[in-house]
Amino acid sequence: MYFDAYRQHPAAKINPSLLWEYDMSHFDFQQMREVVVQRVVERGWPEDWYAALNMYGVEGMKSAIKLLPYLNDKDMNFVSLLFEIPLSEMKCYIKKQSHPKHWNS
């Protein structure tokens, strides 16, 4: 896996600017796992990836990614390859397939 060295970074922390609209003094990282994972996937630096992987583990990240309602095509394909998740198991992919675009758009 691309981020295999995450265990070598136990002090890594999620950058609070990724979660700018939340009060970090009362933020529950376990309850808000999908939000954190989505922000890390979309906008995170390696330090954020290390922190999320240390916090949730590889399997926790995989299960959260499968539940995300939206990812752009690039991020969706990246995490699909990175975590070896078939696109057909990802909610964002299924949702995208159920809303086909017009033939002229």
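The paragraphs below set out a description of the structure included in this document. (Residues numbered from 1 in each chain as written. Predicted model: local features only at pLDDT ≥ 70, side-chain atom pairs only at ≥ 80, totals over all residues. Heavy atoms only, no water.)

Using the criterion set out here, one finds 5 salt bridges in the structure. Note that Glu21 and Arg39 form a salt bridge whose closest N and O atoms lie 2.6 Å from each other. Within this pair, whereas Glu21 is found in the segment before helix H1 (33-43), its partner Arg39 is found in helix H1, the two being separated by 18 residues in sequence. With a relative accessible area of 36%, Glu21 lands in the partly exposed category. (Salt bridge = Lys/Arg side-chain N within 4 Å of Asp/Glu carboxyl O. Helix = DSSP H or I, 4+ residues; strand = E, 2+ residues; numbered from the N terminus. Buried < 20%, exposed > 50% of the residue type's maximum accessible area, 1.4 Å probe, protein only.)

What follows concerns the packing of aromatic side chains. Enumeration over the complete set of coordinates arrives at 4 aromatic pairs. When the centroid spacing of 4.8 Å and the interplanar angle of 75 degrees are considered together, the rings of Phe27 and Phe29 count as edge-to-face. By the ring-pair criterion, three or more aromatic residues cluster together here, those being Tyr22, Phe27 and Phe29. (Phe/Tyr/Trp six-rings, centres within 6.5 Å; stacked < 30°, edge-to-face > 60°.)

Let us look at the packing of H1 against helix H2 (residues 46-67). In the contact formed by H1 and H2, the axes pass within 9 Å of each other and the chain directions differ by 110 degrees. With respect to H2, the axis of H1 lies roughly perpendicular. When H1 is examined against H2, the residues Arg33, Glu34, Val36, Val37, Val40 and Val41 are found in contact with a partner set consisting of Asp48, Trp49, Ala52, Tyr56, Gly60, Met61, Ser63, Ala64, Ile65 and Leu67. Taken together, the residues that form the contact of H1 with H2 break down as 11 nonpolar, 2 polar and 3 charged. (Axes fitted to C-alpha atoms, helices over the stretch in contact; angles between N-to-C directions. Parallel < 35°, antiparallel > 145°, perpendicular 65-115°, else oblique. Contact = heavy atoms within 4.5 Å. Nonpolar A, V, L, I, M, F, W, Y, C, P; charged D, E, K, R; others polar.)

Mapped onto the fold, Asp48 is located in helix H2. Despite its burial, Asp48 remains without a salt bridge, the nearest opposite charge being carried by Arg43 at 10 Å. Not counting chain neighbours up to four residues away, the residues in contact with Asp48 comprise Lys13, Ile14, Asn15, Leu18 and Val40. (Lys, Arg positive; Asp, Glu negative; His and termini not counted.)

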